[in-house]
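The lines below spell out each chain.
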Amino acid sequence: MSLNSLSQISEDEHLLMNSFDALVQSLGLELLIEARTTDAGRGLFSIAEIPPHTVLFQIPASQLVNCRTLAPHYPAGLDAIQLISLHLGRYRRTPQPDPLFGPYISTLPREFSHPLTTHVHQTDSTFPPSVATALARLHTRYLRDWNAVRGYLKANSLTKLADEVLEADFLWGWLNVNTRCVYHRLKGARSHPDNFTMCPILDLANHTVAGPTMIPRVSDAERNNAPPIAKLGDPLTLLSPATPTKPGEELYLTYGAHSNKTLFVEYGFVVPCAPDDPRAEVDVQDIVEPMFENQGNDGAAKMKILQDSGYWGDWTLDASPSVSYRLTTALRLLHVPLGDSGALERWQGTLTGLRDTVSDANESASKRTVADICAILIQRAKARMPETNSSMVRVLWEEEMHVAMRVSSMLGA
Ligand SMILES: C[S@@+](CC[C@H](N)C(=O)[O-])C[C@H]1O[C@@H](n2cnc3c(N)ncnc32)[C@H](O)[C@@H]1O
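Predicted model only: the values in this text are computed from it and were never measured. Note that residues are indexed from 1 along each chain, following the sequence as it is written. pLDDT decides what is reported in this predicted model: residues at 70 or higher carry local features, side-chain atom pairs at 80 or more are listed and counted, and totals for whole chains, interfaces and linings draw on all residues regardless.

Trainee: Tell me about the overall build of the chain, residues and numbers included.
Mentor: The number of helices and strands found in the chain is 16 helices and 11 strands. On the principal axes, the C-alpha backbone points of the chain span a range of 70 × 50 × 50 Å. Burial status across the chain gives 33% buried among its 413 residues. Secondary structure is summarised from DSSP: a helix means a run of H or I of at least four residues, a strand means a run of E of at least two, and numbering begins at the N terminus for each. Partly exposed residues are those falling between the two cut-offs: more than 12 but fewer than 20 other C-beta atoms within 10 Å of their own, whereas 20 or more means buried and 12 or fewer means exposed, with C-beta atoms placed from the backbone.

Trainee: Provide a residue-level description of the nonpolar core, including the pertinent values.
Mentor: Where a protein is soluble and globular, its nonpolar side chains tend to be buried together. Ranked by size, the top nonpolar core spans 49 residues in total, and within it Ile-84, Ala-205 and Met-214 carry the most contacts. Any pair of residues counts as being in contact when their C-beta atoms, constructed from backbone geometry, are within 7 Å of one another. Those residues within four positions of Met-214 in sequence are excluded, and the remaining contacts are Leu-56, Ala-205, Leu-238, Leu-239, Ser-240, Pro-241, Leu-251, Tyr-252 and Leu-253. Ranked by size, the runner-up nonpolar core spans 36 residues in total, among them Ala-134, Val-270, Trp-315 and Ile-373. Defined on buried residues, the nonpolar core groups Ala, Val, Leu, Ile, Met, Phe, Trp, Tyr and Cys residues joined through C-beta atoms within 7 Å.

Trainee: Run through the packing of helix H6 (residues 129–155) against helix H8 (residues 167–180), naming residues and quoting values.
Mentor: Where H6 meets H8, the closest approach of the two axes is 11 Å, and the angle between their N-to-C directions is 125°. Here H6 lies oblique to H8, going by the angle between them. Along this stretch, H6 crosses H8, giving a crossing that reads as right-handed. For the pair H6 and H8, contact is made by Tyr-142, Asp-145, Trp-146 and Val-149 and by Glu-167, Phe-170, Leu-171 and Trp-174, respectively. Taken together, the residues of the contact of H6 with H8 break down into 6 nonpolar, no polar and 2 charged. Each axis is a line fitted through C-alpha atoms, and for a helix only the stretch in contact is used; angles between axes span 0 to 180 degrees, taken between their N-to-C directions. Small angles under 35 degrees read as roughly parallel and large ones over 145 as roughly antiparallel, with 65 to 115 read as roughly perpendicular and the rest as oblique. In this scheme the crossing of two helices becomes right-handed for a clockwise turn of the near helix relative to the far one and left-handed for an anticlockwise turn of less than a right angle. Put simply, Ala, Val, Leu, Ile, Met, Phe, Trp, Tyr, Cys and Pro go in the nonpolar bin, Asp, Glu, Lys and Arg in the charged bin, and everything else, Gly too, in the polar bin.

Trainee: Hey, could you go over the environment of Ala-361 for me, with residue numbers and the actual values?
Mentor: Within the secondary structure, Ala-361 sits in helix H15 (residues 360–384). Under the C-beta neighbour-count criterion, Ala-361 is labelled exposed, with 11 such atoms within 10 Å. Sequence separation between Ala-361 and His-335 is 26 residues; the distance between their C-alpha atoms is 9.1 Å.

Trainee: I'd like a description of the site of the ligand, backed by residues and values.
Mentor: By nearness alone, 16 residues border the ligand, and Ala-40, Gly-41, Arg-42, Asn-206 and Phe-269 come closest of all. Residue assignment for the shell around the ligand shows that the elements contributing at least two residues are strand E2 (41–46) and H8. In this text, near has one meaning. A residue is near a molecule or strand if its C-beta atom, placed using the backbone, is within 6 Å of it.

Trainee: Requested: an account of the sheet that holds strand E9 (residues 281–283), with residues and values cited.
Mentor: If you walk across this open sheet you meet the 3 strands as E9-E10-E11, and the pairing is antiparallel. If you trace the sheet from one side to the other, it starts and ends with E9 and strand E11 (322–323), each paired once. Strand pairing is assigned whenever DSSP identifies at least 2 bridges connecting the two strands. Bridge count between strand E10 (residues 316–318) and E11: 2 bridges; the pairing is antiparallel. The residue of E11 that forms the bridge with Asp-318 is Ser-322.

Trainee: Which residues make up the domain arrangement of the chain, and what are the values?
Mentor: Where interface size is quoted, it is often the accessible area lost as the parts come together. Residue ranges for the domains originate in an automatic or database domain assignment. Under the domain assignment, the chain is made up of domain 1 (3–267) and domain 2 (281–410). Spacing between the C-alpha centres of domain 1 and domain 2 amounts to 36 Å. Residue-level contacts link 10 residues of domain 1 with 13 residues of domain 2. Elements supplying a minimum of two residues to the side of domain 1 that touches domain 2: H6 and helix H10 (260–267). Residue classes in the side of domain 1 that touches domain 2 are distributed as 5 nonpolar, 4 polar and 1 charged.

Trainee: Tell me about the pairing of E2, and please be specific about residues and values.
Mentor: Sheet topology note: the strand E1 (residues 33–38)/E2 ladder contains 6 bridges and is antiparallel. Within E2, the position partnered with Glu-34 by the bridge is Phe-45. Taking the residues between adjacent antiparallel strands as the criterion, E1 and E2 are bridged by 2 residues. Bridge count for E2 against strand E8 (residues 250–251) is 2 bridges, and the pairing is antiparallel.

Trainee: How would you summarise the packing of H10 against helix H16 (residues 391–410) if you had to cite specific residues and measurements?
Mentor: As a packed pair, H10 and H16 sit with axes 9 Å apart at the nearest point and diverge in direction by 150°. Put simply, H10 runs roughly antiparallel to H16. Contacts between H10 and H16 involve Asn-260, Lys-261 and Phe-264 from the former and Met-392, Val-395, Leu-396 and Glu-399 from the latter. The residue inventory of the contact of H10 with H16, partitioned by class, reads 4 nonpolar, 1 polar and 2 charged.

Trainee: How would you summarise the sheet that holds strand E3 (residues 55–59) if you had to cite specific residues and measurements?
Mentor: Think of a sheet as strands paired side by side through backbone hydrogen bonds, with each pair either parallel or antiparallel. The strand order E3-E7-E6 describes an open sheet built from 3 strands, whose pairing is antiparallel. Since the sheet does not close on itself, it has two edges, and those belong to E3 and strand E6 (215–216), each with one partner. By the bridge criterion, 2 bridges tie E6 to strand E7 (residues 236–239) in an arrangement that is antiparallel. Counterpart to Pro-216 in the pairing with E7 is Leu-238.

Have a look at this one:
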């Protein structure tokens, strides 16, 4: 990196820190925390002793960026991620700040270093196959949203907006949503995909896998398991961790018990993990699917059976160590001869809980296949790891290798 770009970064960071102060002022908040620069970008730090469960701040509903606060300003027709990404993208480069959320938008990162912007066109062999697949799925999701927004702008004759918001601006908005939103109850059903919001200040919190974390307080709507009563929804209140915080400590959130594959693909970072870290997980679809294909017509029939019963794909090993139930189920069927109707019935019995196994022979064959899968994973990671000069990609290969070694030694292989 040139000195020029280094000074550019610190200038940007300086501007972002000033924007943070302006945001806090605009919200009229007096805080026990402040933003500081860390190795993970900016983060939130305490500036005082903070007792457990202290209210750190409350952001009023009108200052949260979500489907409720944006809906009055746009024609209907977009889901929450499309609408918020469009709105953010619209104000990315304009000299006029957004009259609704200007101070907040000026605190958002200027650029993203995220696999969707940097790696999406790399050859598949750079990443473990399951990471490449997850990245391709993210890319598809992004394209679906961008195409939906383009269609929406046309259908609603929003030609000025269509001219203003370039794809790069929309992608910037979309990555902001994807990497910075939090769950927030806005809809009747808890599982509704639009139950999330962008939240000023809170979105500066970095992720930790262990240790005390801040916790958003359960909102009224969530407690009542009903849509919020107020038109714009409930405010969002952030509580300090359950243990006391000393001045100068970083305050984290947990983004979830994610494997590095998910952290990398969704958020653009990894957290190196110990060989026995229970987060470590490998999706082995790219190895198992060809095993069914190699059985010709029988394999195709088994694939259909697994699809119909909801067990096709999402087959994982993890470092606890364990073989997921979904993978065990698929491998048992792989080793059932389809001509043997009794064995097929016994396999179905394992799904309904009537039986623990298909047979001893079937169980041994399935275990041998798990050992084969582990051997492939270990050999592949060892071969590919030296080829990468990205420390993040190295962590992704290491995670696969550690999981495979743990599962393999559990099997005594
Ligand atoms: C919600 S933002 C957190 C604030 C962010 N650091 C910033 O400067 O705006 C999430 C992003 O922060 C970074 N991040 C969060 N936790 C991290 C961690 N433990 N290690 C490395 N990067 C992290 C990643 O770039 C992630 O996409």
